[in-house]
Amino acid sequence: VHGGTFHRRAMGEVFLSGAVAGIIEGLTIQPLEMIKTRFQINTGARMRVWETLVDVVKEGGFGRLYRGGLPEIVGLIPRSTAMWSTYEFARRKLTAMNNGQATAPIVCVSGAIAGIGEASVFQPFQLVKVRLMAKEHLGKYSNTFDCIGKVAKTEGFSAFFIGLTPTIFRNCLWNSVYLTTIFTIEQRLPQVDYEPQRTLQKLIIGIGAGTLATCCNIPFDVVKSRFQSQLITPETPAKYRGTFQSLKLIYKEEGGTALYRGLAPKALRLGIGTTVGLIVFEKLLAFQESSRE
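Below you will find a few notes about this structure.

Reading the values: rules and limits
- Residues numbered from 1 in each chain as written.
- Predicted model: local features only at pLDDT ≥ 70, side-chain atom pairs only at ≥ 80, totals over all residues.
- Heavy atoms only, no water.
- Helix = DSSP H or I, 4+ residues; strand = E, 2+ residues; numbered from the N terminus.
- Buried < 20%, exposed > 50% of the residue type's maximum accessible area, 1.4 Å probe, protein only.
- Contact = heavy atoms within 4.5 Å.
- Salt bridge = Lys/Arg side-chain N within 4 Å of Asp/Glu carboxyl O.
- Expected span 1.5 Å × (residues − 1).
- Axes fitted to C-alpha atoms, helices over the stretch in contact; angles between N-to-C directions.
- Parallel < 35°, antiparallel > 145°, perpendicular 65-115°, else oblique.
- Left-handed = near helix turned anticlockwise from the far one by under 90°.
- Nonpolar A, V, L, I, M, F, W, Y, C, P; charged D, E, K, R; others polar.
- Polar contact = N/O pair within 3.5 Å; in protein donor to acceptor, adjacent residues only side chain to side chain.

Moving on, we get to the side chain of Thr167. Within the fold, Thr167 resides in helix α6 (residues 164–188). For Thr167, a relative accessible area of 1% puts it in the buried group. Setting aside chain neighbours within four positions, we find Thr167 in contact with Ala119, Gln123 and Lys224.

In C-alpha cells:
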C-alpha cells in the first residue's frame, strides 16, 4: 500500500480485494468485537475478557459471540473500500504536491481524511451492531433486519447516524496513528525478500501499530458505544448528548479508567483484524495482477 502501486491496479480489483479483506477481517475478530462492546457499555463492576466471553456463551451458546456480526461484517465491505481508496487518493495528491516525496506527515493527514469517509459509510452498521449486542436492548430485536426496521420506524433515519461525531474522531485518530507508525517503521527497516518473513514482519508491525493507535483513540470509541446503546424515552432523556460532554461526564462519574474500557479486546481486535485485512488485501491484489500477466 505504501509503495505507491495501489493506484495502478484496476478499480474493480481494488474494490474486490477490499471487500474480501473486510469479510475475512470481520469473521476473524467478531468475538472480540462483541466483548469490546460489552466492556464499553458497562457502567458497573470491572469486567475481564475471559469472564465476559463465558457469560456471552452462556447467554446463547457459541453463536452468541456473532450476534450483531452481520451488520459489522457487511459494513466492513464499504468501510474497507472507502478507507483504502480515500487514503490512497489523498496520499497521491499530497505526495504530488510535495514533488513526489511521501512523508510521515502526508501519510498522517491522508489517514485522517480517509477516516471521515470511512466513518460516514460505516456508521449505520455500527448502530445496528451495538443495539443487537447491548444488554439494554436484549429481547427488543429478533435479528439484524428486525433491528433496522424498528429503528427506522420508531426513531427515524437519522438514528442510524447517532454517534457519528465521536466515530469520526475515533477513525481519523486511529488511521493517522496506525498508518503513520507503519510507514515510519517500514522506512527504517531493511528490505526483506523471503515472503513468510515479510508477512510475519508486517503482522508484528501492524499489531504494534494497532495497539498504539487504540490507546490514542479508545475514549472516543467508548463515547460512541454509549451514544448508541442508551435508551431514550420521554421520561428518560439522553444522558450522553455531545462528544466532549460525554467524555467529561464519564470521567467525572466513573473515573479515567472508564474511558479505556475494552482496551485489551479492542487492541487485539484492531491490531490483528486490520493487519489480517491489510495482508489479505495486498495478497489478493498481487494474485490478480499476476493472473493478468
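Okay, the pattern of salt bridges next. Evaluation of the coordinates by the stated rule reveals 14 salt bridges. Note that Asp221 and Arg170 form a salt bridge whose closest N and O atoms lie 2.6 Å from each other. Here Asp221 is found in helix α7 (residues 195–229), whereas its partner Arg170 is found in helix α6, with 51 residues between them in sequence. Taken as a pair, Asp221 and Arg170 share a single burial class, namely buried. Between Glu254 and Arg261 there is a salt bridge, and its shortest N-O distance comes to 2.6 Å. Among the residues examined, Glu254 registers a relative accessible area of 19% and is labelled buried. Using a relative accessible area of 17% as the deciding quantity, one classes Arg261 as buried. One network of salt bridges, with partners in common, ties together Glu25, Arg79 and Glu118.

The end-to-end C-alpha distance of helix α8 (residues 243–254), which contains 12 residues, comes to 16 Å, matching closely the 16 Å that a straight helix rising 1.5 Å per residue would cover. Within α8 the residues assigned to the buried category are Thr243, Ser246, Leu247, Leu249, Ile250 and Glu254. Of the surrounding secondary structure, the elements contacted by the buried residues of α8 are α6 and α7. Of the residues trailing α8, Gly255 is marked for its positive phi of about 90°.

Turning to its location among the elements, Leu263 is positioned in helix α9 (residues 263–292). Ignoring sequence-local partners within four residues, the contact set of Leu263 consists of Thr214, Cys215 and Ile218.

Glancing now at the packing of helix α3 (residues 69–97) against helix α4 (residues 104–133). At a minimum axis separation of 7 Å, α3 and α4 run at an interaxial angle of 165°. Judged by the angle between their axes, α3 and α4 are roughly antiparallel. As for how α3 packs across α4, the hand of that crossing is right-handed. Looking at side-chain class alone, the contact of α3 with α4 contains 19 nonpolar, seven polar and five charged residues.

On to the side chain of Glu254, then. With respect to the helices and strands, Glu254 occurs in helix α8. A distance of 2.6 Å separates polar atoms of two side chains, one belonging to Glu254 and the other to Arg261. When residues no more than four places from it in sequence are discounted, the contact partners of Glu254 are Asn42, Thr43, Arg226, Tyr240 and Arg261.

Read these as spatial facts, not as claims about activity.
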